[in-house]
Structures are given as structure tokens and as C-alpha cells.
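Each chain is listed here by its residues.
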Amino acid sequence: MFLLAGSPLTVLYLSQTLLFLTIGYKNSLNHKRLTKKQVQDLIEFEGKLHEEFTKIFEQTYSTEYKDQPLVYELSNDRFLFVFDPKGHSIPGKGDIYAKEYFLKFVQSIQRTIEDIANNRANSVSH
């Protein structure tokens, strides 16, 4: 476990970053990251924006930059995670995840947010 120093927001950012690393290709239904064109086609054809999950993944940095990935619900119990279309590294690209896996992932992020809100942000405090 990590002992993270800094404000709770820093810990939240680092926790979410670590969680993003765990979501990766291994658990996605697609073998390669979807291109912007593939993502747009999926959104037009069957995507429905999931506003609650989209808000969970928003991050605001100390430089006031706001990272806003999007989450779409697809048919056949799948979710499309789209990296921030205005982002720097892989804007507009995305991955598809099974509903069961994605819901577990969202629950782990919500647990992390709750832990930080209750001052349980490091491995020593609980």
C-alpha cells in the first residue's frame, strides 16, 4: 500500500490515476483502443450518455484544467469509456467494457471518494 502525502484532492487524483491504470486493455472487450471514428460511430448508432458515471470520472487539476471523459451506455450490457475529447494524450478514443466489470470499477472509485471524504485517505489511518 502507498502512503500518500498531500491534500485529500491530491490523494483522490492519485487514487483515480491508479484506478485508471487498472482498467486497461486487459478488461476491455475490444482488443485495441477504439479510434475517434469508431467511437463516434458507436455513439451515433447506439450510445446513450450516462451522466452520473460521467460526473464520477471528471477531474479538475490545480492548473484549473478539467479532464472530462465521457461514459456511454451501449446495448448488450456494455459501457463505452471515451477519453476526454479535448484532452492531450488520447482525445476522443475509447474502450468498451462489460457492464458487470464497469459497475465494479465505478463502485471502487466511489469507495475511494467516500474514504477521502471521511478522512481515510492513506494506508495508516485505517
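*Asks:* Can you help me understand the packing of aromatic side chains in this one?
*Replies:* Any two aromatic rings considered together are summarised by their centre-to-centre distance and by the angle between their planes. With the rule as written, the count across this model stands at 11 aromatic pairs. With a centroid separation of 6.3 Å and 50° between ring planes, the pair formed by F102 and F105 is classed as tilted. With F102 and F105 both in helix α4 (residues 99–117) and three residues apart, the pair spans about one turn of that helix. Side by side, F102 and F105 carry an identical accessibility label, which is buried. Each residue in the set F53, F57, F79, F81, F83, Y97, Y101, F102 and F105 is aromatic and connected to the rest through ring pairs, giving one cluster.

*Asks:* Please clarify how the pairing of strand β4 (residues 70–74) should be interpreted in this entry.
*Replies:* Each regular strand displays side chains that alternate between the two surfaces of the sheet. With two bridges joining them, strand β1 (residues 48–49) and β4 adopt antiparallel strand pairing. Within β4, the residue paired with K48 across the bridge is E73. Here β4 pairs with strand β5 (residues 78–82) via five bridges, running antiparallel. In the strand pairing of β5, V71 is matched with F81. Connecting β4 to the antiparallel partner β5 that follows it, the hairpin turn spans three residues, and N76 within it adopts a positive phi of roughly 60°.

So, how was this worked out
- Residues numbered from 1 in each chain as written.
- Predicted model: local features only at pLDDT ≥ 70, side-chain atom pairs only at ≥ 80, totals over all residues.
- Heavy atoms only, no water.
- Phe/Tyr/Trp six-rings, centres within 6.5 Å; stacked < 30°, edge-to-face > 60°.
- Helix = DSSP H or I, 4+ residues; strand = E, 2+ residues; numbered from the N terminus.
- Buried < 20%, exposed > 50% of the residue type's maximum accessible area, 1.4 Å probe, protein only.
- Pairing = 2+ DSSP bridges.

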